[in-house]
Amino acid sequence: VQMRRGNALSALAHGASVDGGDVILTGSTGYAQIRFTDGGLVSLYPLSQFTVLRYVDSGDPAQDSFAVGLLHGGMRAITGLIGKRNPANYKITTPTAVVGIRGSSFHAFFNAQGQLEVAGEQDAIEVCTQAGCVGVMAGESVRVLSEQRLPVYTNTRAFLPLPQPRSPSTVGDQVRQDGSHAAVVLTPPPPPAIPYVPPGQPTNPYVPPTPVRPVTPGVPVTPGTLPVPGRPTKP
């Protein structure tokens, strides 16, 4: 990790002070952490170039200023009192976009294609280009394709409340072997089968059929000799 102050370039030691106008350079294995007097924190990734453009911690929101620049590499920031007293005075400037904050932490880095990517960690931030600004909530991220275009979302969070996990014994739930929940679709049982009734037979099973006595050709049938259901017959 090195620091450039004016035309002088020197190794940056632990505990050294950083002033406005200083440039912090990290090598391929270098990391740096800068703690500001207002309680803010900036962590730099390897191969980063970070500049303190203007920093004023006066305690007066109208005079406070936190303006830094990220030319390449990556950083993670946790805002201090300046960002809380007046978020409009907290700015991260990059070659293609300006990052403002309404929250408390975020990270920004240049991907392999040289495009800036910004992700919110807590509350909300705002990423602006010449085309306008987009809000980035916690858990969301955007990519800046150029300074003439609006940042595009690469990840968005769900705004609908997620259902709370229910007991596995609840109807309609089951638990897989890996512990995840799965829905169970209940199929209604088929209707009871209707028994087959031969043609000519009564459909009410509780009404017994009328007994039929064989008729012998030529022999008259005597009325009242048929047995009545439920009544004993004489032998």
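Residues numbered from 1 in each chain as written. Predicted model: local features only at pLDDT ≥ 70, side-chain atom pairs only at ≥ 80, totals over all residues. Heavy atoms only, no water.

Novice: For this particular structure, what's the right way to read the nonpolar core?
Specialist: Across soluble globular proteins, nonpolar side chains have a tendency to be buried as a group. Core analysis: the biggest nonpolar cluster contains 31 residues, and Phe50, Phe106, Val118 and Val127 have the highest contact counts within it. Contacts of Phe106, omitting those with residues within four sequence positions, involve Arg76, Ala77, Tyr90, Ile92, Val99, Ile101, Val118, Ala119, Gly120, Glu121 and Ile125. (Core = buried A, V, L, I, M, F, W, Y, C linked by side-chain atoms within 4.5 Å. Buried < 20%, exposed > 50% of the residue type's maximum accessible area, 1.4 Å probe, protein only. Contact = heavy atoms within 4.5 Å.)

Novice: Explain the pattern of salt bridges here, please?
Specialist: Where charged atoms from two side chains of opposite charge come close, those side chains can pair. The full count for this structure, using the stated rule, is six salt bridges. When the shortest N-O distance is used, the salt bridge between Arg85 and Asp64 registers 2.7 Å. Of this pair, Arg85 sits in helix 1 (residues 81-85) while Asp64 sits in the loop between strand 6 (49-56) and strand 7 (65-72); the two residues are 21 residues apart in sequence, bridging distant segments of the chain. Accessibility expressed as a relative area gives 30% for Arg85, which makes it partly exposed. The salt bridge involving Arg76 is made with Glu121; its shortest N-O contact spans 2.8 Å. Highlighted residues: Arg76 in strand 8 (residues 74-78) and Glu121 in strand 12 (residues 116-122), separated in sequence by 45 residues. A single network of salt bridges, built from pairs that share partners, joins Arg5, Asp19 and Asp22. (Salt bridge = Lys/Arg side-chain N within 4 Å of Asp/Glu carboxyl O. Helix = DSSP H or I, 4+ residues; strand = E, 2+ residues; numbered from the N terminus.)

Novice: Is there a simple way to explain the pairing of strand 7 in this structure?
Specialist: Successive residues of a regular strand alternate their side chains across the two faces of the sheet. Taking burial as the measure, the eight residues of strand 7 include six buried ones, the bulk of the element. The sheet contact formed by strand 7 and strand 9 (residues 90-93) spans four bridges and is parallel. When the bridges of strand 9 are listed, Phe66 appears paired with Tyr90. (Pairing = 2+ DSSP bridges.)

Novice: Quick question: what am I supposed to make of the confidence of the model for the protein chain here?
Specialist: Low pLDDT means the predicted coordinates in that region are not meant to be read closely. When pLDDT is averaged along the protein chain, the result is 78; 66% of the residues meet or exceed 70. Segment residues 158-173 is flagged for pLDDT under 50; beyond a separation of four residues in sequence, or across chains, it makes 13 contacts in the model. (pLDDT = per-residue confidence, 0-100.)

Novice: Just to check I follow, could you spell out the packing of aromatic side chains for this structure?
Specialist: Within this structure, the stated rule accounts for four aromatic pairs. Ring geometry for Phe66 and Tyr90: centres 4.3 Å apart, planes at 0 degrees, overall stacked. Remark: Tyr90 occurs in strand 9 and Phe66 occurs in strand 7; sequence separation between them is 24 residues. By the burial criterion, Phe66 is buried, and Tyr90 matches it. (Phe/Tyr/Trp six-rings, centres within 6.5 Å; stacked < 30°, edge-to-face > 60°.)

Novice: It is not clear to me how the sheet that holds strand 5 (residues 41-44) should be interpreted in this structure. Could you clarify?
Specialist: Sheets are built from strands paired through backbone hydrogen bonds, the pairs being either parallel or antiparallel. If you walk across this open sheet you meet the seven strands as 4-5-8-11-12-15-16, and the pairing is antiparallel. Sheet topology places strand 4 (32-35) and strand 16 (152-155) at the edges, where each strand pairs with a single neighbour. With direction set aside, neighbouring strand axes in the sheet form an average angle of 20 degrees. Relative to strand 5, strand 4 runs antiparallel, the two being bridged by four bridges. By the bridge assignment for strand 5, Ala32 is matched with Leu44. (Axes fitted to C-alpha atoms, helices over the stretch in contact; angles between N-to-C directions.)

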